[in-house]
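Breakdown of the fold
Residues per chain, in single letters:
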Amino acid sequence: MTTTPDPAFAGRIYPAGPAHTVSAAKIAEFARATGATSPLHTDPQAAREAGHADVIAPPTFLVSLAQATEAQYIEDPASGIDFSRVVHGEETFTLHRPVVAGDRLVPTLTVEAVRAAGGHSMVTTRVDLSDEAGAEVAAVRSMLVVRGD
């Protein structure tokens, strides 16, 4: 396997993944782990009083679902990515609405760009998350650096 990501993957859109149910327990666990102290993440009554159906996730909660979805690309032998050479570059989150416990989110992966820079490869991916009706919920954009030889 080559250690250089194939630039032909830029623009590739993978089939939508299975729906993932967001649980209140996972939201609370993530909030504790990241120090997010808002009661909106752990107290259903506080969340309802703020106008939500249940507790809401911190914006960065979606990172685990996005990374699991990116595995389709990273684990594809034809992509040319040696994961042992991957360094996380940056991550951005776009929320179209809060993520609420009970949501069923469907992820779709797009490889936005693959380019060379200073002997390394820079790979930008985007995971779009929609509800089962197809309404946009969020997008997670990641930039990975694949270290050169």
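Everything in this summary refers to the structure shown in the same document. This structure is a prediction, so every number in the text was calculated from the model and none was measured. (Residues numbered from 1 in each chain as written. Predicted model: local features only at pLDDT ≥ 70, side-chain atom pairs only at ≥ 80, totals over all residues. Heavy atoms only, no water.)

Re the overall build of the protein chain
When you go through the protein chain residue by residue, the secondary structure sums to three helices and five strands. The C-alpha extent of the protein chain, read off along each of the three principal axes, is 55 × 30 × 20 Å. Contacts spanning at least 24 positions in sequence make up 69% of the contacts within the protein chain whose residues lie at least 6 apart. Just so you have it, the protein chain exposes about 7600 Å², and 55% of that area is on carbon and sulfur atoms. For the protein chain, the centre of its 11 positive side-chain charges and the centre of its 18 negative side-chain charges are spaced 2 Å apart. (Helix = DSSP H or I, 4+ residues; strand = E, 2+ residues; numbered from the N terminus. Contact = heavy atoms within 4.5 Å. Areas by Shrake-Rupley, 256 points an atom, 1.4 Å probe, with all protein chains shown as cover. Lys, Arg positive; Asp, Glu negative; His and termini not counted. Charge placed at Lys NZ, Arg CZ, Asp CG, Glu CD.)

Some remarks on the side chain of Glu91
Tracing the chain through its elements places Glu91 in strand 2 (residues 86-95). Put simply, Glu91 is tucked away with no salt bridge, and the nearest opposite charge, on Arg141, sits 9.8 Å away. Looking at Glu91, its side chain comes within polar contact range of the side chain of His88, at 3.3 Å. Here Glu91 is in contact with Val63, Gln67, Val140, Arg141 and Ser142, once residues within four sequence places are set aside. (Buried < 20%, exposed > 50% of the residue type's maximum accessible area, 1.4 Å probe, protein only. Salt bridge = Lys/Arg side-chain N within 4 Å of Asp/Glu carboxyl O. Polar contact = N/O pair within 3.5 Å; in protein donor to acceptor, adjacent residues only side chain to side chain.)

What about the pairing of strand 5 (residues 136-146)?
When you tally the buried positions in strand 5, you get nine out of eleven residues, the bulk of the element. Across nine bridges, the pairing between strand 2 and strand 5 is antiparallel. Within the sheet, the bridge partner assigned to Thr92 lies in strand 5 and is Arg141. The pairing of strand 4 (residues 120-131) with strand 5 spans ten bridges and is classified as antiparallel. Paired with Thr125 across the bridge in strand 5 is Ser142. Counted between consecutive antiparallel strands, the loop separating strand 4 from strand 5 contains four residues, among which Gly134 sits at a positive phi close to 95°. (Pairing = 2+ DSSP bridges.)

Points about helix 3 (residues 63-74)
With twelve residues, helix 3 extends 15 Å between its outermost C-alpha atoms, agreeing within 8% with the 16 Å of an ideal straight helix rising 1.5 Å per residue. Taken together, the buried positions of helix 3 are Val63, Leu65, Ala66, Thr69, Glu70, Tyr73 and Ile74. At its buried positions, helix 3 is contacted by strand 1 (20-21), helix 1 (24-34), strand 2, strand 3 (104-117), strand 4 and strand 5. (Expected span 1.5 Å × (residues − 1).)

Description of the sheet that holds strand 1
The five strands are arranged 1-3-4-5-2 in an open sheet whose pairing can be described as antiparallel. Looking at strand neighbours, the two that pair on one side only are strand 1 and strand 2, the edges of this open sheet. Alignment of strand 3 against strand 4, held across twelve bridges, turns out to be antiparallel. Directly across from Val111, in strand 4, lies its bridge partner Thr125. The strands touched by helix 3 are strand 1, strand 2, strand 3, strand 4 and strand 5; relative to strand 3, the strand with the most contacts, the crossing angle is about 60°. (Axes fitted to C-alpha atoms, helices over the stretch in contact; angles between N-to-C directions.)

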